[in-house]
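Descriptive structure summary
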Amino acid sequence: MRSTRWKAASRAALALAGAGALAASMALFATAPASAGTTLGASAAEKGRYFGTAVAGFKLSDSAYTTILNREFNMVTAENEMKMNATEPQQNQFSYGAADQIVNHARSRGMSVRGHTLAWHSQQPGWMESMSGSALRQAMLNHVTQVATHFRGQVVAWDVVNEAFADGSSGGRRDSNLQRTGNDWIEAAFRAARAADPGAKLCYNDYNTDNWTHAKTQGVYNMVRDFKARGVPIDCVGFQSHFNNDSPYVSNYRTTLSSFAALGVDVQITELDIQGASASTYRSVVEDCLAVARCNGITVWGIRDSDSWRASQTPLLFNSNGSKKAAYDAVLAALNNGTTPTDPPTDPPTDPPTTPPPGTGGCTATVSVNQWNGGFVANVRVTAGSSALNGWTVSIGLPSGATVTNAWSANRSGNTGTTNWTNVAYNGQVGAGQSTEFGFQANGTAGSLSPTCSAG
């Protein structure tokens, strides 16, 4: 997701992801660059999936690069050319030449295209970085609308929002200029993307979400579950899966993919690379995807090691000279040995797979606030005590002049003064010592909020 410059400087621990296939989607990826069983794209297409790669436009003049690209892959993602700073370098002045070059190259050769990415806190153009509040919100929505409209009918899936959740134990949103426009900014971006390109699948994409037990993974899961419950247009979740020594492949990876898929969304491994290109780990990732019917594709983040944003870790399937690695053979074998899904995915279960047994017990509530001139967003975390919760109520006293304008993941009573918040259907049951979150946006000043929580 990141450019080479930004990625190298920003974080050491990246991780995760998953992707797969729907039987109903098999025709979408049926076009393959060679006979089934002989290349990555052809073998994936035989299983109703795609196998893609990230492409840098300036490398399309490298014949060795394009020979591998055209032979092996049936899906393409622009590495940087569709990001915000590339497509709207000056406000309302859009530039599509480099992205169009990649799209035209792919589609003229029977490959599909993933769009990456419409809204992100990073790689924003300078004019956007200096904006805030409602002006930034409108600029973001205009960007989503204009770019998605330009590529309408050419892109099969969009990473609508990228990397909006924070690392660490909170499971909450990343603090960014977009987040400070209001917690509903992600929902607003998805709705704008659906209106602009109704035929494309709309994905949320992130890293370090491979481990099912991690708070960040659960935070994204809860958001997707909320979106599905409220009819927000989300079709897929992308897992970047940048596996390395700090963020290794984990045995519950398949659980993560299947748990998200059970919500009724596709899962896609969007930026796969593995430090040292372990053949066994590459094989496991492919097998995990093939085991989940809604995992409909895998994209490796580059072709040769020399094309990788972390080339020194030699994480890709081809050596810098273009020769195939043992990891390539392992991936091809896993694809050829995999099974083709014959049944469409079932509807998601009424309860998510991790719903704890009902019970009673005390609870506590804590709040974090993002304040700007004239408004704020509050995220409230409800934590069960020594017993599981089977419903909860939180009371929050708002300062004079503060008025709630929007809320999510809770029912509310009152918009000013003392406000009472109760759980919705999907977050009332909280395991002992576990947490759930809700939030709201308000006009005015937050002051010092002191929420209280009671069970039931």
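Residues numbered from 1 in each chain as written. Predicted model: local features only at pLDDT ≥ 70, side-chain atom pairs only at ≥ 80, totals over all residues. Heavy atoms only, no water.

A look at the sheet that holds strand 16 (residues 418-422)
Taken together, four strands build an open sheet; the order of strands is 15-16-13-19 and the sheet is antiparallel. Only two strands of the sheet have a single partner each, and these edge strands are strand 15 (411-413) and strand 19 (452-455). Strand after strand, the sheet turns through a mean of 20° between neighbouring axes, direction not considered. As paired elements, strand 13 (residues 392-397) and strand 16 share five bridges and run antiparallel to each other. Considered in strand 16, the bridge of valine 394 is made with tryptophan 421. (Pairing = 2+ DSSP bridges. Helix = DSSP H or I, 4+ residues; strand = E, 2+ residues; numbered from the N terminus. Axes fitted to C-alpha atoms, helices over the stretch in contact; angles between N-to-C directions.)

Details of helix 3 (residues 63-72)
Three or more residues of helix 3 are buried, namely Tyr65, Thr66, Ile68, Leu69 and Glu72. Seen end-on, helix 3 carries its buried residues on one side only, within an arc spanning 160°. Against helix 2 (40-46), strand 1 (50-55), strand 2 (75-78), helix 5 (97-108) and helix 12 (326-337) lie the buried residues of helix 3. Its side-chain oxygen 3.0 Å from the backbone nitrogen of alanine 64, aspartate 62 forms the N-cap of helix 3. (Buried < 20%, exposed > 50% of the residue type's maximum accessible area, 1.4 Å probe, protein only. Arc of directions from axis to C-beta. Contact = heavy atoms within 4.5 Å. Polar contact = N/O pair within 3.5 Å; in protein donor to acceptor, adjacent residues only side chain to side chain.)

Quick look at the packing of aromatic side chains
In total, this model carries 17 aromatic pairs according to the counting rule given. Here the aromatic rings of phenylalanine 94 and tyrosine 96 are separated by 6.1 Å at their centres, their planes lie at 10°, and the arrangement is stacked. Between the aromatic rings of phenylalanine 243 and tyrosine 253, the centroid separation amounts to 5.5 Å while the plane-to-plane angle is 75°, which identifies the pairing as edge-to-face. One end of the pair, phenylalanine 243, is in strand 7 (residues 242-243); the other, tyrosine 253, is in helix 10 (residues 253-261), and ten residues separate them in sequence. Each member of the pair, phenylalanine 243 as well as tyrosine 253, is classed as buried. (Phe/Tyr/Trp six-rings, centres within 6.5 Å; stacked < 30°, edge-to-face > 60°.)

Description of the environment of histidine 116
Structurally, histidine 116 can be placed in strand 3 (residues 112-120). Taking the C-alpha atoms as reference points, histidine 116 and alanine 157, 41 residues apart in sequence, are found 8.7 Å from one another.

Focus: the environment of arginine 49
Inspection of the secondary structure puts arginine 49 in the loop between helix 2 and strand 1. Take arginine 49: its relative accessible area is 2%, and that puts it in the buried class. For the pair arginine 49 and alanine 293, spaced 244 residues apart in sequence, the C-alpha to C-alpha distance is 9.8 Å. Of the polar contacts made by the side chain of arginine 49, one reaches the backbone oxygen of cysteine 295; its length is 3.0 Å.

Concerning unusual backbone geometry
Cis geometry is adopted by the peptide bond preceding threonine 117, which originates at histidine 116 and carries an omega value of -5°. One can find threonine 117 in strand 3. Non-glycine residue serine 241 carries a positive phi angle of around 55°. Relative to the helices and strands, serine 241 resides in the loop between strand 6 (236-239) and strand 7. We classify serine 241 as buried; its relative accessible area is 0%.

A few points about the pairing of strand 6
Burial along strand 6 is two-sided: the residues Cys236 and Gly238 and Val237 and Phe239 are all buried. Across four bridges, the pairing between strand 5 (residues 201-206) and strand 6 is parallel. The residue of strand 6 that forms the bridge with tyrosine 204 is valine 237. With helix 9 (residues 215-230) bridging strand 5 and the parallel strand 6, this β-α-β connection has right-handed handedness. (Right-handed = clockwise from strand over helix to strand, strands pointing away.)

Digging into helix 12
The first and last C-alpha atoms of helix 12 sit 16 Å apart over twelve residues, in line with the 16 Å expected at 1.5 Å per residue. Of the positions making up helix 12, those classed as buried are Ala327, Tyr328, Ala330, Val331, Leu332, Ala334 and Leu335. Those residues of helix 12 hidden inside the fold are in contact with helix 2, strand 1, helix 3 and helix 11 (279-290). (Expected span 1.5 Å × (residues − 1).)

Remarks on the pattern of salt bridges
All chains considered together, the criterion is met by 19 salt bridges. The partner of lysine 216 in a salt bridge is aspartate 167, with the nearest N and O atoms 3.0 Å apart. Of this pair, lysine 216 sits in helix 9 while aspartate 167 sits in the loop between strand 4 (157-162) and helix 8 (185-196), placing them 49 residues apart in sequence. Residue class for lysine 216 comes out buried when judged on its relative accessible area of 3%. (Salt bridge = Lys/Arg side-chain N within 4 Å of Asp/Glu carboxyl O.)

What to know about the state of the cysteines
Within the structure shown, the criterion is met by three disulfides. The side chain of cysteine 289 participates in a disulfide bridge whose partner is cysteine 295; the two sulfur atoms lie 2.2 Å from each other. Every disulfide takes its handedness from the sign of the S-S torsion; for cysteine 289 and cysteine 295 that torsion is -105°, giving left-handed. Accessibility assignment for this pair places cysteine 289 and cysteine 295 in one class, buried. By sequence-ordered numbering of the bonded cysteines, the protein chain has its disulfides arranged as 1-2, 3-4, 5-6. (Disulfide = S-S within 2.5 Å.)

Digging into the UniProt feature "active site" (unreviewed entry) in the protein chain
Per the UniProt record, "active site" (unreviewed entry) is annotated on Glu271. Within the secondary structure, glutamate 271 is located in strand 8 (residues 266-274). Judged by its relative accessible area of 0%, glutamate 271 falls in the buried class. Of the polar contacts made by the side chain of glutamate 271, one reaches the side chain of asparagine 205; its length is 3.2 Å. (UniProt positions renumbered as here; feature names shortened; annotations may be inferred.)

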